[in-house]
Structure formats: C-alpha cells, structure tokens
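Residues per chain, in single letters:
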Amino acid sequence: MTSGRRRLAFALFAVSFGTKVATPLFLIYEERLGLSRWTVTALFAIYPIGLAPALAYAGPASDALGRRRLIVPGIVLSGAASLVMMVGADSLWLLFFGRLLLGAVSGIVLVVASAWMQEIGDADPMRIARSLGLLMYAGFGLGPLVSGVLGQWSNRPLVWPYAIHLALVAGALVVIGKVPETVVPSGANVRPSWGIPPEASAEFWRIVVPTAIGVFVFPSLAFGLFPVLLRPQMADVAVFVTGLVFVLAMGLILPAQFWVGRVGQYRAAPVGLALGAVGTLLGFVAFASGWWGVLFPASMLLGTASGISMTSGLRFIDQLVDPTQRGALTGSFYAAAYAGMMAPLVASTLARAVGYELVLGCISGLAAALAVWLFLAIRGLQIGRSVPS
C-alpha cells in the first residue's frame, strides 16, 4: 500500500470508528433517560436519514471539486458529532442531532474515500475493494468494542469513548493533507446525482441494490435490535456484550473478503444474503428462548454476510461505471446499503402490531427469497462479458 493510501486509510478508519462508537452506549442512554425500545431503535435508525442528501451530493461534488475539498470538512464534522454526543448525554434531542450529523458525515467521507482509494496508484481492483471493506469494518468493530468496555467499566462511560474518537480525528486531519489529489477541479455546477449509467440501470437495480441491502441490514439487526431485545437477560454485562457482538461480526470480514476474492462477486453475493437469512433466524431463536449466548454465532453469520455484500457490491460498481463517474455511483451504492440501517426501527414499529417473533421470521424469509432472486438474476448478468460459470 502506498503512503498516500495509508494516510487515506487512517482517515477512513478514524471516521468509521466514530460512526458506531455510540451504539453500545444506547443501553446506557436507555436507562439514564428512561427510553422505550422503539425510541432506542429510532436513535439507531436516524443515522441513515442524514446520509441521503450527503450521498446524493458528495460523489458528484468530489468529482467536480476534488476529493480533498469534500473529505476534510467531513472529518471535521465527524469530530463535531462526537462532541454533540458527549455534551448531549442528558438530552434526547441532542442525541438525535448527533446521530443525524454522524450519518451525513459518514456519507461524505465513505463515498469520497472509496472513490479516492481506487485512484491512488496501481492495484488490483478486487484487492482495493477488500481493503476498503476491511478499513471500514475495522472502525465499525473497534469503535463499539472500545465503547463497550469503557461504557461498562470506566468512570466516565459517556465521555471517554468519544474522547478517543476525537484524538483519531485530530490525527486524520494531520495526515490527509499529504494524500495526493486525483481530481482536477472542473468548476462545473454540482447537482445531486446518483450516477447510474442508463446502459447499466437494469443491472444496478437487479444486482447491485439487492447486494447493497445486505451490507447493513444484517449487522444493524445484530447491533441495533437484538441487544435491545435481550437486555433483560444480559443484566449487568449488556453494554459489554453489545460491543463484543460488534467485534465478532467484524472479525469475520477479512476471511469473507478473501473468499469473495477467490470465488468472485458473482458467486459470492447470493451466498451473503443466504448467510444473513440464517443469522437472522438465529437471532430470532435467541429472542424467543432468552438464550442470549446465541447472539454470538448469529452476529458472526450476520457480519460475514455484510462483508461479502460490501466487497461484492464495490466490485460490481467498479465494473459498471466509467472512472469519471465513480464517486456518484459509489454514493448510490452506499445509499442502498445504508437504507438497511432502518431495519431495527421498521422491525420495532411492526412488532407493536404483530410481535417480534413474526417480524423476525419474516425478515429471515425475505432475506432467503432475496438470495434466490439474486442468484437467478446473476445467471443472466452481462457486464461487458458473460458471467463466469
């Protein structure tokens, strides 16, 4: 990895760390503010709402103005969001605002960094896709682990996790200035765009979108719903267990990505959704039985599904789009992916009418059906060449 890629990788890791650092702490906010299950899942799910405008603008803006002009403000706002969460521990509205800001920030940084990473130096596209997934999931996993430990046993559980993120942000701002710019500013007007090429529109909606949905639907259930449902059974270790669930899920990202590299995204993508269906079913078993230890194998399957979906989806994007439009279409991919983070809120809302057992069973069944759909769609896929057998 070149020095520019290493610096960009650190910045991406720092922002990824901050996006999920608050999640285990939701259980503390729940007790401190007397929140309902629905409110806790809403606090988790407001994150992707901030993403939508950021994803629509970030890619096209970075294609026109340059990568650095977008990513530096994004890093700064990442730190600002942690400050809001830190000072807003007793205010539900400030917590919602902090989460909303985190969503917008991650939309900017993850889209621009993904496009930028592809453009620095020469490397195998599959290896870059794996690296991007690994960096993001390393941050997604280590952030909650740190906050889970500090949230469970430190003297300032709602301060220290955010303080560590702020230190990482400071480091990211130092190194990002040395990453070589890859886009010559064009001065073109920046308009929101999803960057979907007309000739590849069918493939995007039939292949990329189902793959992208698997990126965050499954881990969101593992992190944002199952620990909330099983908190009474986990008693005094609930915060730590939530952080540990993150790590177990993220720990399988690397082998999942290497597996995609060996078999190719065409074969891997349907398998990712199928594993997510099984992991959701195990989560249902944990909730129905009260055996919270089942969360561990469930989270491992859900994390594997997410890693496969991320790597496969980024490879599909690389094949679908011209390099000059990579930022915009990458934003479209993340828009579909982050929409999956609404799953805990949707599940909690529906459960008010029909119960969590039925809702979780339906989610598992829908994931299995989507895996079959993707398998059949890929059989006839043409992206410049025939799909390998």
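These notes cover the structure that comes with them. (Residues numbered from 1 in each chain as written. Predicted model: local features only at pLDDT ≥ 70, side-chain atom pairs only at ≥ 80, totals over all residues. Heavy atoms only, no water.)

### Considering helix H9 (residues 201-224)
Structural remark: α-helix, 3.6 residues per turn; residues separated by three or four positions point the same way.
Alright, step 1. Taking 1.5 Å per residue as the helical rise, H9 with its 24 residues ought to reach 34 Å, and the 32 Å between its terminal C-alpha atoms agrees with that figure.
Alright, step 2. Along H9, the sharpest kink reaches roughly 35°, centred on valine 208 and followed within four residues by the proline proline 210. (Helix = DSSP H or I, 4+ residues; strand = E, 2+ residues; numbered from the N terminus. Expected span 1.5 Å × (residues − 1). Bend = angle between axes of the 7 residues up to and from the residue.)

### Some words on a nonpolar patch on the surface
Alright, step 1. Where nonpolar side chains cluster on the molecular surface, the patch consists of Val346, Leu350, Val354 and Leu358 and spans about 350 Å² of accessible area.
Alright, step 2. It is helix H17 (residues 343-354) that provides the largest number of residues to the nonpolar patch, a total of 3 residues.
Alright, step 3. In this fold, leucine 350 is placed in helix H17.
Alright, step 4. By relative accessible area, leucine 350 is classed as partly exposed at 47%. (Patch = residues over 30% accessible without salt bridge, like charges linked within 9 Å, V, L, I, M, F, W, Y side chains within 5 Å. Areas by Shrake-Rupley, 256 points an atom, 1.4 Å probe, with all protein chains shown as cover. Salt bridge = Lys/Arg side-chain N within 4 Å of Asp/Glu carboxyl O. Buried < 20%, exposed > 50% of the residue type's maximum accessible area, 1.4 Å probe, protein only.)

### A few points about the environment of alanine 351
Alright, step 1. Inspection of the secondary structure assignment puts alanine 351 in helix H17.
Alright, step 2. Classification of alanine 351 by relative accessible area gives buried; the value is 12%.
Alright, step 3. For the pair alanine 351 and tryptophan 38, spaced 313 residues apart in the sequence, the C-alpha separation amounts to 9.7 Å.

### Overview of empty space enclosed by the protein
Alright, step 1. Evaluated as defined, the whole model comprises 3 cavities of 30 Å³ or more.
Alright, step 2. Lining the second largest cavity are Lys20, Phe44, Tyr137, Phe140, Phe216, Pro219, Ser220, Phe223, Met250 and Met341.
Alright, step 3. Within the residue set of the lining of the second largest cavity, elements represented by two or more residues are helix H7 (125-153) and H9.
Alright, step 4. With 4 residues, the top contributor of residues to the lining of the second largest cavity is H9.
Alright, step 5. A per-class count over the lining of the second largest cavity returns 8 nonpolar, 1 polar and 1 charged. (1 Å grid on protein atoms, 1.4 Å probe; cavity = no way out; pocket = protein on both sides within 12 Å on 5 of 7 lines; lining within 4 Å. Points joined across faces, edges and corners; volume = space filled by probe spheres on them. Nonpolar A, V, L, I, M, F, W, Y, C, P; charged D, E, K, R; others polar.)

By themselves, these figures tell us nothing about what the structure is for.
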